[in-house]
Protein chains: 2
Amino acid sequence: MTASPPDSTPDPHMSDALPPCEQHVRQYAAVRNAHETELLEDYVELIGDLLKYQGEARSADIAARMGVSQATVSKTVTRLKSQGLVDSQPYRSLFLTEKGEAMAEMARKRHAIVLQFLRTLGVSDSTARIDAEGMEHHVSRETLEAMERFTREHCRG
Amino acid sequence: MTASPPDSTPDPHMSDALPPCEQHVRQYAAVRNAHETELLEDYVELIGDLLKYQGEARSADIAARMGVSQATVSKTVTRLKSQGLVDSQPYRSLFLTEKGEAMAEMARKRHAIVLQFLRTLGVSDSTARIDAEGMEHHVSRETLEAMERFTREHCRG
DNA sequence: GAAAAAAGTTAGCCAAGGCTAAGACATTGT
DNA sequence: ACAATGTCTTAGCCTTGGCTAACTTTTTTC
Ligand SMILES: [Mn+2]
Ligand SMILES: [Mn+2]
Ligand SMILES: [Mn+2]
Ligand SMILES: [Mn+2]
């Protein structure tokens, strides 16, 4: 390690300096952690939506919606099954397990809160949808509550 | 593809149905796109901060701050160099190229806007730092401007 | 009911981003 | 000066998440 004089004083009015090391580590660790479940969350959310709005969730629909190949979907579904989130017979439609249903529900609600929050902030619908798709996985419970509060107080209607 | 009756009408008051397919694809594509540069952005931002606040940016400091092994840093630095973002001699401190400097500056500003926005929203400092670290990479110019506007209008002082 | 089309799977490739273990280089202390 | 310590790199391993190509299974069409 090299010199680290700025870490000594908890200076109250120098907020653009480097944060203390341990805190910095926690920031990046939280991001890496979110990245591990991100894709699985999007899959179960989408599968849940497809079941709800189209009656079944086929790999082909997922591939079309996600903009990836069917082979990629097939491999990811294997992972979803190995984690106990999805159930399926070969060559058949996909279903969510209890656990998958729970994750989908959480993701659906969280996604909706972030999306509505961005709209309320004044962001256009198409941009809000794009940004919400990525942001949702990095929003803590606390921030989610702050967003809900804001939307409740500022939303037209 | 299976049946898709809900996609026919651009129904104005059914906002929780599935978005049209092409838009859905763009959402996920934007996320995948952000993931390609995310880590590089965090690296150049950190390198810039280390140069500014400690005079030099050593791999050991980056490893300590990011909470990863030195081997991981070494490999990522190779990638940063191959993309023309970082310059360095073997076993020496790291420096940013023009291009790296520009990316660091962008990342620094964007990160600061998101962090200050979350604080202004009422999120605690430690949570705001964690969430901002992940959210920053998924915030478009338009959303960034909405955040700045909000902070300007609501910030104490 | 057979041929054609569509859907799903598998194999094999790749890059990114993590790790450990081993060794090379540099700095520092005596 | 040189040994000890600390820093950096390399090699080799792993998982994730993409791809194409080839194949199998199911569904649709005739
Ligand atoms: Mn989502
Ligand atoms: Mn998402
Ligand atoms: Mn950042
Ligand atoms: Mn970040």
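Residues numbered from 1 in each chain as written. Chains lettered and ligands numbered in written order. Predicted model: local features only at pLDDT ≥ 70, side-chain atom pairs only at ≥ 80, totals over all residues. Heavy atoms only, no water.

Tetrahedral coordination by four donors sets the ideal angle at the metal to 109.5 degrees; octahedral coordination by six donors sets it to 90 or 180 degrees. Residues and elements named next belong to chain B. Protein coordination of the manganese ion (ligand 4) is provided by D42 (OD), E133 (O), E133 (OE), E136 (OE) and H137 (NE2), with donor distances spanning 1.9 to 2.3 Å. Ordering the donors of the manganese ion (ligand 4) by residue number gives the pattern D-x90-E-x2-E-H. Separating the manganese ion (ligand 4) and the manganese ion (ligand 3) is a distance of 3.5 Å, and E136 donates to both of them. One end of the pair, D42, is in helix α1 (residues 21-54); the other, H137, is in the loop between α5 (125-135) and α6 (141-154), with 95 residues separating them in the sequence. (Donors = N, O, S within 2.8 Å, 3.2 Å for Na, K, Ca; no water. Helix = DSSP H or I, 4+ residues; strand = E, 2+ residues; numbered from the N terminus.)

Further remarks concern the interface of chain B and chain A. Each partner contributes to the interface: chain B provides 63 residues, whereas chain A provides 63 residues. For the pair chain B and chain A, the two sides together bury roughly 5500 Å², of which 57% comes from carbon and sulfur. Contributions of two or more residues to the side of chain B that touches chain A are made by α1, α2 (59-66), α4 (98-121), α5 and α6 of chain B. For the side of chain B that touches chain A, the class distribution of residues is 29 nonpolar, 18 polar and 16 charged. (Contact = heavy atoms within 4.5 Å. Buried area = accessible area lost by both parts, 1.4 Å probe. Nonpolar A, V, L, I, M, F, W, Y, C, P; charged D, E, K, R; others polar.)

Here the focus is the side chain of E45 of chain A. Residue and element names in this part refer to chain A. In this fold, E45 is placed in helix α1 (residues 21-54). For the buried E45, no salt bridge exists, and the shortest N-O distance to an oppositely charged side chain is 5.9 Å, to R110. When neighbours within four sequence positions are excluded, E45 is seen to be in contact with A104, A107, R108, H111 and E136. (Buried < 20%, exposed > 50% of the residue type's maximum accessible area, 1.4 Å probe, protein only. Lys, Arg positive; Asp, Glu negative; His and termini not counted. Salt bridge = Lys/Arg side-chain N within 4 Å of Asp/Glu carboxyl O.)

What follows is about the coordination of the manganese ion (ligand 3). Residue and element names in this part refer to chain B. On the protein side, the manganese ion (ligand 3) has E45 (OE), H111 (ND1), E136 (OE) and E136 (OE) as donor atoms, found 2.0 to 2.7 Å from it. Each donor residue of the manganese ion (ligand 3) belongs to the same chain, and together they define the spacing E-x65-H-x24-E. What makes H111 buried here is its relative accessible area of 10%. Using a relative accessible area of 0% as the deciding quantity, one classes E136 as buried.

Under the definition given, this model contains 4 aromatic pairs over all chains. With 5.3 Å between their ring centres and 70 degrees between their planes, F117 of chain B and F150 of chain B make a pair best called edge-to-face. Here F117 of chain B, found in helix α4, pairs with F150 of chain B, found in helix α6; they are 33 residues apart in sequence, far enough to count as distant. By relative accessible area, F117 of chain B is classed as buried at 1%. For F150 of chain B, a relative accessible area of 7% gives the class buried. Here a set of aromatic residues connected by ring pairs shows up, and it is made of F117 and F150 of chain A together with F117 and F150 of chain B. (Phe/Tyr/Trp six-rings, centres within 6.5 Å; stacked < 30°, edge-to-face > 60°.)

Screw-axis analysis of chain B against chain A gives a translation of 0.0 Å along the axis, an RMSD of 0.0 Å, and a rotation angle of 180 degrees. On the angle and the small slide along the axis, the relation comes out as a two-fold axis. Using C-alpha coordinates, one finds that chain B approaches the rotation axis most closely at M135 of chain B, a distance of 2.6 Å. Comparing contact sets, 100% of the residues at the interface of chain B also lie at the interface in chain A, consistent with an isologous, same-surface contact. (Least-squares fit on C-alpha atoms with pLDDT ≥ 70 in both.)

The values reported here are purely geometric and, on their own, carry no functional implication.
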